[in-house]
Amino acid sequence: MPYLAARTPADWEVFHVDEEAEEIDWTNRPDVVAITFHTPSAHHAYELAARFRSQGVLVAMGGPHVTLLPEEAARHADVIFVGEAEGCWEAFLSGFQTRSYQRVYQRTEAPSLRGVPMARKELYHRNDYTSGVLFATRGCSNCCDFCAISVMYGQGLRKRPVAEVAAEYASFQGKRIIFWDDNIAADREYAKELFGAIAPYRKWWSSQASVHVGRDEELLEEAARSGCKQLFLGLESISQPSMDAVRKGFNRVEDYARIVDRIHAHGIAVQAGVVFGFDHDTPEIFSNTLHFLEDTGIQNATFNILTPYPGTPIFQKMEEQGRILTRDWRKYNGRTDVVFQPMRMSVAELLAGFQYANERFYSLRSIARRLWRSPVQLWWTLPLNLAYSMSWARR
């Protein structure tokens, strides 16, 4: 939203509300309310829209869920944006002023990422120990069945000019930066050029990457030299049949340990993204995964229950098989609910295994074992693990 705000004409006054950090001021009476949201927040977003519309406020909606289910979203908004909003947003604001706006805005081609204005920094409100958030690339050249990225952005990767990214990176006053890219190293030569451009600013950064990043020593060297402190790796599963079945076979499970060791060797911590519930998963997947994560010294992990988002190939497949259990989007959160019938375990077993994985991974014994095995970035990974441990102990 701060990027779209930067595209808003100067004669518009913009307020940005991030509900993770603040409450909505219902005494404010804006001309337009724009809401972006993902699937598990859809019900809440529709409630907000209804309340604003009852006050005579025009409501525009966009973001992941709107792009996945535009016909549903259109029933709750005056205007919707399907896909990326650059260009369409400006056209809508102009049309609003002359009362000639459209009900649906959708680009026929992906917007160029050249000349993207810097996000309006004053509109970031979260105090999450980061000094800045930006992006260098958008989209993904892969087309994994369970991922909504290719549905939202289309296939292919687009890149901002390196000089423009470096200028925005340098503009943040603090030292801790997040690249909010789906895969920062998807184009390795571009990534190397980018890392070389940002290195002189001596900041620390983290981002997401595919396992390919660990197969290129030069890329890792450039990343470490430029200030990379952590990479989120979408390992997804330690089951090769599971990876093959969802068209992510380029994740070679046999290479995982070697890749993690290479990343660690460059002083970069690893946060593993893990998904439970693929069709080849049995109840043994939980303990087997934890053994792997502990043996390789993974610093942090984010566990998710497989969630077949509407519009993705895996949702279509499960719907055809009669395995979708609910369309209550609030349950599509990947944490507290299972919304499909697993193939080789029960719903209860999947939920229990997910709970077990979190509790064990962030147990004091596991923390000690993992960080002893690989004490990379120990000064901040240890406090973070202990905070997660306390959080799970209170549940």
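Our subject is the structure listed above.
So, a few notes on the structure that sits alongside this text. Computed from a predicted model, the values in this text were never measured in an experiment.

Another point: the overall build of the chain. In terms of regular secondary structure, the chain is built from 16 helices and 12 strands. In terms of overall dimensions, the chain is globule-like: its C-alpha atoms have a radius of gyration of 22 Å, near the 21 Å expected for 395 residues. Taken along the three principal axes of its C-alpha coordinates, the chain extends 65 × 55 × 40 Å. By residue count, 50% of the 395 residues in the chain fall in the buried class. Contacts spanning at least 24 positions in sequence make up 70% of the contacts within the chain whose residues lie at least 6 apart. Counting only carbon and sulfur atoms, one obtains 51% of the accessible surface of the chain, whose full area is about 18,500 Å². For the chain, the distance from the average position of its 44 positive side-chain charges to the average position of its 48 negative side-chain charges is 3 Å.

So, on to the packing of helix H7 (residues 162–171) against helix H8 (residues 188–198). It is at 9 Å that the axes of H7 and H8 come closest, and there the two elements cross at 40°. Comparing the axis directions of H7 and H8 gives the class oblique. You can see that H7 and H8 cross each other, and the crossing is right-handed. Mapping the contact onto sequence places Val 162, Val 165, Ala 166 and Tyr 169 in H7 and Tyr 190, Glu 193, Leu 194, Ala 197 and Ile 198 in H8.

What follows deals with helix H5 (residues 88–97). Owing to its 3.6 residues per turn, the α-helix aligns residues three or four sequence positions apart on the same side. Of all the residues in H5, the buried ones are Cys 88, Trp 89, Phe 92, Leu 93, Gly 95 and Phe 96. End-on view of H5: buried residues confined to an arc of 165°, all on one side of the axis. Buried residues along H5 sit against helix H1 (2–6), strand E1 (32–36), strand E2 (58–62), strand E3 (79–82) and strand E4 (104–106). Arg 99 lies just past H5 and shows a positive phi near 55°.

Among the secondary structure elements, Glu 84 is positioned in the loop between E3 and H5. The buried category is assigned to Glu 84, whose relative accessible area is 10%. At 2.6 Å, the side chain of Glu 84 and the side chain of Arg 138 are in polar contact. Only 2.8 Å separates the side chain of Glu 84 from the side chain of Arg 158, close enough to count as a polar contact. Filtering out sequence-adjacent residues up to four positions away, Glu 84 remains in contact with Arg 107, Ala 110, Pro 111, Arg 138, Tyr 153 and Arg 158.

Another point: the pairing of E3. What you see with E3 is no split at all: Val 79 and Phe 81 on one side and Ile 80 and Val 82 on the other are buried throughout. In the sheet, E2 pairs with E3 via 2 bridges, with the strands oriented parallel. Bridge pairing links Met 61 to Ile 80 in E3. Two strands pair when backbone bridges link them, and E3 and E4 are joined in this way by 3 bridges, in the parallel orientation. For Val 82, the partnering residue across the bridge sits in E4 and is Gln 106. What joins E3 to E4 is H5, and the crossover it makes is left-handed.

Reading the values: the criteria
Residues numbered from 1 in each chain as written. Predicted model: local features only at pLDDT ≥ 70, side-chain atom pairs only at ≥ 80, totals over all residues. Heavy atoms only, no water. Helix = DSSP H or I, 4+ residues; strand = E, 2+ residues; numbered from the N terminus. Rg over C-alpha atoms; globule rule 2.2 N^0.38 Å. Buried < 20%, exposed > 50% of the residue type's maximum accessible area, 1.4 Å probe, protein only. Contact = heavy atoms within 4.5 Å. Areas by Shrake-Rupley, 256 points an atom, 1.4 Å probe, with all protein chains shown as cover. Lys, Arg positive; Asp, Glu negative; His and termini not counted. Charge placed at Lys NZ, Arg CZ, Asp CG, Glu CD. Axes fitted to C-alpha atoms, helices over the stretch in contact; angles between N-to-C directions. Parallel < 35°, antiparallel > 145°, perpendicular 65-115°, else oblique. Left-handed = near helix turned anticlockwise from the far one by under 90°. Arc of directions from axis to C-beta. Polar contact = N/O pair within 3.5 Å; in protein donor to acceptor, adjacent residues only side chain to side chain. Pairing = 2+ DSSP bridges. Right-handed = clockwise from strand over helix to strand, strands pointing away.

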